[in-house]
Amino acid sequence: MTEQPMTDHLVFRPLTPELMDAFGTVLRGNLGSGCWCMFPRLTKRETLALPGEGSVSQRRREVMTELARQEPAPGLLAFDGDEPAGWVAVAPRSELNRVDRSRATPRVDDVDVWVIPCVTVRKGWRGQGIAVALIREAVRYAARHGAPAVEAYPRAGGERTGDDNAYFGTVPMFARAGFDVIRDPLANRPRNWVARLVMRYDLRQG
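In this text, all values refer to a predicted model and were calculated from it rather than measured experimentally.

Conventions we followed
Residues numbered from 1 in each chain as written. Predicted model: local features only at pLDDT ≥ 70, side-chain atom pairs only at ≥ 80, totals over all residues. Heavy atoms only, no water. Helix = DSSP H or I, 4+ residues; strand = E, 2+ residues; numbered from the N terminus. Rg over C-alpha atoms; globule rule 2.2 N^0.38 Å. Buried < 20%, exposed > 50% of the residue type's maximum accessible area, 1.4 Å probe, protein only. Contact = heavy atoms within 4.5 Å. Pairing = 2+ DSSP bridges. Axes fitted to C-alpha atoms, helices over the stretch in contact; angles between N-to-C directions. Salt bridge = Lys/Arg side-chain N within 4 Å of Asp/Glu carboxyl O. Core = buried A, V, L, I, M, F, W, Y, C linked by side-chain atoms within 4.5 Å.

*Asks:* Report on the overall build of the protein chain, specifying residues and quantitative values.
*Replies:* Of regular secondary structure, the protein chain possesses 6 helices and 7 strands. Each helix (α) and strand (β) of the protein chain, taken in turn from the N terminus, gives the series β-α-α-α-β-β-α-β-α-β-α-β-β. Over its C-alpha trace the protein chain gives a radius of gyration of 16 Å, about what one expects of a compact globule, namely 17 Å for 206 residues. Projected onto its principal axes, the C-alpha positions of the protein chain cover 45 × 40 × 35 Å. By residue count, 47% of the 206 residues in the protein chain fall in the buried class. Sequence separation of 24 or more characterises 72% of the internal contacts of the protein chain that already satisfy a separation of 6 or more.

*Asks:* Kindly report on the sheet that holds strand β5 (residues 149–152), identifying the contributing residues and their values.
*Replies:* The strand order across the open sheet built from 7 strands is β1-β2-β3-β4-β5-β7-β6, with neighbouring strands paired in mixed fashion. Every other strand in the sheet has two partners, leaving β1 (11–14) and β6 (180–183) as the edge strands with one partner each. Across the sheet, the axes of successive neighbouring strands diverge by a mean angle of 35 degrees, strand direction being ignored. With 4 bridges joining them, β5 and strand β7 (residues 198–202) adopt antiparallel strand pairing. Paired with V150 across the two strands is Y201, which belongs to β7. Where helix α1 (residues 20–27) meets the sheet, it contacts β2 (75–80), β3 (83–92) and β4 (114–121), and its direction lies at approximately 100 degrees from that of β3. Running at roughly 150 degrees to β4, helix α5 (residues 130–144) makes contact with β1, β2, β3, β4, β5 and β7 of the sheet.

*Asks:* Mind laying out the pattern of salt bridges, listing which residues take part and the relevant values?
*Replies:* Counted by the stated rule, this structure contains 11 salt bridges. Between R61 and D21 there is a salt bridge, with its nearest N and O atoms 2.8 Å apart. Note that R61 is positioned in helix α3 (residues 56–67) and D21 in helix α1, a separation of 40 residues in sequence. According to the relative accessible area criterion, D21 is exposed, its value standing at 54%.

*Asks:* I'd like a description of the nonpolar core, backed by residues and values.
*Replies:* If you look at the biggest cluster of nonpolar residues, it comprises 36 residues, and the most contacted ones within it are I116, I130, L134 and F179. Every element with two or more residues in this core is listed here: β2, β3, β4, α5, β5, α6 (171–176) and β7. Ignoring any residue separated from it by four or fewer positions in sequence, one finds I130 in contact with T7, L10, A78, A85, V121 and W125. By size, the runner-up hydrophobic cluster in this structure holds 20 residues, among which are M20, M38, W87 and C118.

Here is the structure:
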């Protein structure tokens with residue numbers, strides 16, 4: 001997984017409490033600005049039950065800050081010099097309650113996969129291959145922490161979608177990062193469900 005020439009200058013850092021403002025800079029102006037990447041981790045009921053008296057966004061930030069104190073980190077930031085340029089979340093599927101309980105993305109097998117539920121590139125840095133570089137770095141990070149495989153659940157098809165709606169990642173994006181499709185969209189899904197593929201990078205194959 002060699003870096004693309006356009007992105008070999010990037011520096012990747014696991015999220016820590018000290019980097020939360022940089023994380024907020026990446027999210028600012030995106031649909032996920034108030035999410036703090038907690039949406040994949042918490043069901044609606046868990047979100048409403050978050051402790052604290054501030055806004056939901058503030059309480060999400062506090063929870064993510066606590067997660068950022070732990071090892072492994074809940075995700076990685078890409079820096080272009082001193083500027084935060086992108087974010088990728090990566091964690092064991094068992095930690096992502098909303099993903100793990102979703103009927104739209106049921107488990108394929110009993111492999112203890114890690115999942116990339118979100119990849120976001122800051123406005124002004126898009127179109128440079130940073131998202132693919134983030135995905136590749138997330139795979140490396142998961143591998144260093146013993147992950148047997150890493151999965152993603154992008155929208156099926158190659159049609160263009162708005163950048164702010166592509167936080168799940170796209171099929172071409174994950175394919176360029178070395179992921180393979182291991183399950184097509186669920187055949188009997190309700191008509192209003194988004195058709196999603198299961199793509200996997202199997203680390204057991206060396």
